[in-house]
Amino acid sequence: MAVPDERPDVSGPARVRFAPSPTGSLHVGGARTALFNWLVARQTGGTFVLRLEDTDRERSTPESEAEILRALTWLGLDWDEGPFRQSERDAVYRDAIERLRAAGAVYPAYETEEEVEAQRAAARADRRAPVVRGLRDRSPEEIARLEAEGRRPVWRFAVPLPGETVIDDMIRGRVAFDHAQIEDFVVARSDGTPTYNLAAAVDDLEMGISHVVRGEDHISNTPKQMLVIRALGAEPPVYAHMPLILGPDKKRLSKRHGAASVEDLEMDGFLPQPVRNALALLGWSYDDKTTTFTLDELIERFRISRVSKSPAVFDLTKLGVMNGRFMRSMPPDEFEEALVDYLRKTGYLDERGGGAEELARRSSPLVKRKLTKLSEYDQLAGWLFRPLEMEPDAWDLLQSDVKHSIQAIGGGLGRIETVPTFEPDAVKEVLQDQLHIMGETSAREFLEPQRIALTGQRVSTGLYESLSFVGRDEAVRRYRETLGRLAELWTR
RNA sequence: GCCCCCAUCGUCUAGCGGCCCAGGACUCCGCCCUUUCAAGGCGGCAAUCGCGGGUUCGAAUCCCGCUGGGGGCACCA
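Since we're looking at a predicted model, the values are computed, not measured. (Residues numbered from 1 in each chain as written. Chains lettered and ligands numbered in written order. Predicted model: local features only at pLDDT ≥ 70, side-chain atom pairs only at ≥ 80, totals over all residues. Heavy atoms only, no water.)

Notes on the environment of L349
(1) Moving on: Turning to its location among the elements, L349 is positioned in helix α13 (residues 348-352).
(2) Moving on: Along the chain, L349 and I171 lie 178 residues apart, while their C-alpha atoms are 47 Å from each other.
(3) Moving on: Discounting residues that sit within four places of it in the chain, L349 has contacts with V340, L343, R344, A356, E357 and A360. (Helix = DSSP H or I, 4+ residues; strand = E, 2+ residues; numbered from the N terminus. Contact = heavy atoms within 4.5 Å.)

This is the structure:
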């Protein structure tokens, strides 16, 4: 019997990093990358480094950076070092470029944009990889002449030919890249600033990163970065390229798929724990059964070697289920806090004025069991914050059988006016009793009109709790008001 | 066009040569809980393991080809 090909795992304290570029909010894919790196750091007693790759001055913004840090914190992913910004490490890169120059690993390329494009076009036409190679061995005289003309070169990496670079990927196994397929990539722009492949490689080296866990979209950059690191006389870290996260259309998850960033999920009323859980389960599983993990369990059980190689579609419905279950399992006071935080954060409380927070707090037990996500609070409990106001749908329903509606609401009214105590159980008892008295009417037929009479909504917090919550006077008032409106229809 | 990767129910997945004519979860559909909408409980539909060849006594599991999907090919990251 063959030995299962156990893929290696991280052993010993790992130094890992999360290195987003601050050009937008933290996307779901990035969040999962951050989570996996964080888990590796925590489970090995290692270090989680945060680094902002902001070498693109045009697209990087402080707002985006702040949002990424905020979202990471919201997810509970704390970093041990950083945040470092590549924009503040220029000297490090210039020094590295200097060393590459001294080692003869890079050369100044004076080809014009047109020439470069022509090279690519020619290669394509020839059914070859569209790689660019500058003239590697210009004479000092020629260089001097070009410089005198005011030409400023980019610095390209002289990819060794022939040759190949092999990644021993922790997830994918051995992946080889033929150097003929790798162009002489630019390492320093004509203004002297470093490009991504230079900066990332140098940082991973300088920061002593032991394991690079990132999305598969980076895999073709990896040989370039390995080349840079080796040219600098060092050995590259171990790499692990994770499968991408897809939208329902199987394309890479993006904005147009709806909630695609951590911020979107947060504003949509998901809580960090289930989001983390869902993220962990995208491309990773512990066994064939377990679907819920505490953070500690995640730290203990996560293994890069069990990360899947194939991409996964992100399913918001499933997240909703996890979210709902999580909220139902929360201690009441924690749930209340989470709810109020959310309503405050989204401006819901402010819009509703004084007393809104108090009302929301008191109502939290009524919605706890019924929510999938916090953003559904209003459709359940919105009626608490306003005078009786009929949703068109709900009113239509009452109107469809005016006589029956009046009977149901009237029947309920008689009982709630007289029930000795107004606790949910007492209310329930008398309404149950009334239901029996009314004979063939079903619970639904009896209760639905009353729900609408009280809340103006077809879907709401539970009827008995809701009645008790507003108190006898208000309940009776609302029942009567509805009855009055129905009576108008009846006589007409 | 070139390079790289991937391929089990609609979706997320288990599965590492016999335990699998494939297990779990979500969705969907029934039924129960006469507290309705939800939630919860129970049950059901759903993959000839992309296709075709091998290897083997035996393959979802190994090999080859094909097809399909994804990613990458910037003085972006």
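Quick notes on the nonpolar core
(1) Moving on: Judged by nonpolar contacts, the single largest core of 55 residues is most densely connected at Y377, I416, L467 and Y479.
(2) Moving on: A per-element tally of this core places helix α12 (residues 332-345) first, with six residues.
(3) Moving on: Excluding residues within four positions of it along the chain, Y377 makes contact with L339, L343, Y348, A360, S363, V367, L371, G382 and F385.
(4) Moving on: A240, A260, I304 and L319 belong to the second-largest nonpolar core, a separate cluster that totals 50 residues. (Core = buried A, V, L, I, M, F, W, Y, C linked by side-chain atoms within 4.5 Å. Buried < 20%, exposed > 50% of the residue type's maximum accessible area, 1.4 Å probe, protein only.)

Regarding the pairing of strand β6 (residues 164-169)
(1) Moving on: Every second residue of β6 is oriented toward a common face, the buried set being T165, I167 and D169 and the non-buried set E164, V166 and D168.
(2) Moving on: Bridge analysis of β6 against strand β7 (residues 173-178) gives six bridges, and the strand direction is antiparallel. Paired with I167 across the bridge in β7 is V175.
(3) Moving on: Once β6 ends, the chain turns through three residues before running back antiparallel as β7. (Pairing = 2+ DSSP bridges.)

Digging into helix α11 (residues 316-329)
(1) Moving on: In a regular helix each residue adds 1.5 Å, so 14 residues correspond to 20 Å; α11 covers 20 Å between its end C-alpha atoms and thus fits that length.
(2) Moving on: Considered for burial, the residues of α11 that qualify are L319, G320, M322, N323, G324 and M327.
(3) Moving on: Check the buried side of α11 and you find it contacts α8 (262-267), α9 (272-280), α12 and α14 (356-368).
(4) Moving on: Measuring from the side-chain oxygen of the N-cap residue of α11 to the backbone nitrogen of T317 gives 3.0 Å; that N-cap residue is D315. (Expected span 1.5 Å × (residues − 1). Polar contact = N/O pair within 3.5 Å; in protein donor to acceptor, adjacent residues only side chain to side chain.)

Focus: the sheet that holds strand β2 (residues 47-52)
(1) Moving on: Read from one edge to the other, the open sheet built from three strands follows the order β1-β2-β3, with strand pairing classed as parallel. Among the strands making up the open sheet, the edge pair consists of β1 (15-18) and β3 (81-85). Neighbour-to-neighbour, the strand axes of the sheet open up by a mean angle of 25°, direction not taken into account.
(2) Moving on: With four bridges connecting them, β1 and β2 associate as parallel partners. The residue bridging R15 from the neighbouring strand is T47, located in β2.
(3) Moving on: Helix α1 (residues 28-44) contacts β1 and β2 of the sheet and is inclined by roughly 165° relative to β1. (Axes fitted to C-alpha atoms, helices over the stretch in contact; angles between N-to-C directions.)

Side note on helix α2 (residues 62-75)
(1) Moving on: Look at α2: 20 Å from first C-alpha to last across 14 residues, which is about the 20 Å you get at 1.5 Å a residue.
(2) Moving on: Buried residues of α2: S64, E65, E67, I68, L69, A71, L72, W74 and L75, and no others.
(3) Moving on: Immediately beyond the C-terminal end of α2, within one or two residues, lies G76, with a positive phi of roughly 85°.

Re the sheet that holds strand β5 (residues 154-157)
(1) Moving on: Sheet architecture is open: three strands sit in the order β4-β5-β8, paired in antiparallel fashion. Looking at the sheet topology across the chains shown, the edges are occupied by β4 (106-109) and β8 (186-188). Averaged over all pairs of adjacent strands, the angle between their axes in this sheet comes to 45°, without regard to strand direction.
(2) Moving on: Across two bridges, the pairing between β5 and β8 is antiparallel. From the neighbouring strand, W155 faces β8, where its bridge partner is A188.
(3) Moving on: Sheet contacts for helix α3 (residues 90-102): β4, β5 and β8; angle to β4, the most-contacted strand, approximately 100°.

Regarding the packing of aromatic side chains
(1) Moving on: One pass over the full model with this rule turns up eight aromatic pairs.
(2) Moving on: Both rings, one in F157 and one in F185, keep their centres 5.2 Å apart while their planes meet at 5°; by these two values the pair is stacked. Linking F157 in strand β5 with F185 in the loop between β7 and β8, this pair joins segments that are 28 residues apart in sequence. Here F157 matches F185 in class, with each residue buried.
(3) Moving on: Here the aromatic cluster, defined as three or more aromatic residues joined through ring pairs, consists of F36, W284, Y286, F293 and F302.
(4) Moving on: One Lys or Arg, R301, reaches over the ring of Y286 and ends 4.5 Å from the middle of that ring.
(5) Moving on: Note that R362 overlies the ring of F469, its terminal NZ or CZ placed 4.6 Å from the centroid. (Phe/Tyr/Trp six-rings, centres within 6.5 Å; stacked < 30°, edge-to-face > 60°. Lys NZ or Arg CZ within 6 Å of the ring centre and 35° of its normal.)

Worth remembering: the numbers are spatial, not functional.
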